[in-house]
Amino acid sequence: MAAKSSSDQDLLLKQLKAFDESKAGVKGIVDVGIIKVPEIFIHLPIVHSQVTETEFSIPVVDLADAAIGMGRHAEVIDGVRQAAETVGLFQVVNHEIPKRVLDEMLQAMRAFHELLKEVKAEYYSTDIKRKVSFVGSHKLARSSSRHSWRDSLTCDMSSGPLYPQELPEVCRDITLEYSKFAHKLSVRLFKLLSEGLGLKPDHLIGLDCANGHLVAGNYYPPCPEPELTIDSGEHRDVFFLTILLQDNITALQLLYKNQWIDVPPIPGALVVIIGDFLQLISYNRYISDTHRVIAKKEGPRVSVGCFFRYVQQEISAQRVYEPIKELTSKENPPIYRGTTVMDYVTGNFQKGLINGVPGLEYLKV
Ligand code: OGA
Ligand code: NI
């Protein structure tokens, strides 16, 4: 049950400290054979509502022949625009990242998380400035005293040079290869998204939307009591865009018209998620959606998120994002003030977006 008294709180803090100090992540707990979810992972109340029968299904956009001058260009822009305007999350197929690369990426991230805990411990860090870090439980969850049921390896592929040796050897080459492909795909998507807004294809790229990204390899161990915890709490992605690669276990859900909808794994497809910063600059034309990952008895589940953002450590403090001028007018003046990615992320963590309040609300003038 949820701890209430101050001694319960102390106990919880002790457990959190011990968990951090173990440097073994959630997998470390599962490996010792627990049958109950430890207190620090219990989130109540969680409504793991059954996914409702609905006509709605997650849009799938076929990117084949989407290049300018190719036959389906206008149709693809339309598919992307509609999905980004109405749902904020969609899947893409024929995205030009070879299936071999996707499979190897998932396998390599799984292999990292299944290394001996002593080896992973070298990477263990909760310092968000570290370029490569392994965290037990997700950083986002750290604004609350409860942890989520997942381990992550985050690799910042952009803030200053990342030397290949900084990446763990088991996933080094494929992370570099996947990261290049994902960047290329993001450029295609930002072009389509720009055109969907009636802007020149390079508009969003010109705003550095694709100029930096983070690769996060998530590992969701099987959970003995999935009804008590959450793998990744209800949240919105804060950056411009996320490209998510998931394995074949269904656990990601989207909140759509107040109902949780499964995002079904489609072999070879990638999930695209609009983040808060794209909602901000597109001035609410594109929407940042709410999603979560539910805990499961089956697993482990592996996913790899590629988060596109603009964080060059020296200059990010100055780059202010605000609604694109062309999308506002006298009749429709901007309702958001501008912000930097760094300021937003910091404020966002403190303001508990994760618990329901969209971070963009704090930017309203
Ligand atoms: C995220 C996220 C989903 C998943 O990392 O922001 O929503 O399936 N991940 O891992
Ligand atoms: Ni997310």
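Scroll up a little and you will see the structure.
Residues numbered from 1 in each chain as written. Chains lettered and ligands numbered in written order. Predicted model: local features only at pLDDT ≥ 70, side-chain atom pairs only at ≥ 80, totals over all residues. Heavy atoms only, no water.

Participant: Even after reading the chapter, I still don't get the site of ligand 1, so can you show me in this structure?
Facilitator: Every residue lining ligand 1 is accounted for by R150, N218, Y220, H235, D237, L244, L252, H291, V293, R301, S303 and F307. Here an oxygen atom of ligand 1 sits 3.5 Å away from a polar atom, N or O, in the side chain of N218. At 3.0 Å, a side-chain N or O of H291 approaches an oxygen atom of ligand 1. Coverage of ligand 1 by the protein amounts to 98% of the 290 Å² it exposes when considered alone. Put simply, the parts of the chain that give the shell around ligand 1 at least two residues each are β5 (213–220), β11 (290–294) and β12 (301–308). Here the shell around ligand 1 gets three residues from one element, more than from any other, and that element is β12. Looking at the shell around ligand 1, its residues break down into five nonpolar, four polar and three charged. (Near = heavy atom within 4 Å. Polar contact = N/O pair within 3.5 Å; in protein donor to acceptor, adjacent residues only side chain to side chain. Areas by Shrake-Rupley, 256 points an atom, 1.4 Å probe, with all protein chains shown as cover. Helix = DSSP H or I, 4+ residues; strand = E, 2+ residues; numbered from the N terminus. Nonpolar A, V, L, I, M, F, W, Y, C, P; charged D, E, K, R; others polar.)

Participant: Teacher, can you tell me more about unusual backbone geometry here?
Facilitator: What is expected of a backbone is that most residues other than glycine have negative phi and most peptide bonds are trans. Of note, the bond from G299 into P300 is cis; its omega dihedral lies within 30 degrees of zero at 5°. The residue P300 is located in the loop between β11 and β12 in this model. The backbone of N94 shows a phi angle near 55°, a positive value even though the residue is not glycine. With respect to the helices and strands, the residue N94 is situated in the loop between β2 (89–93) and α4 (99–113).

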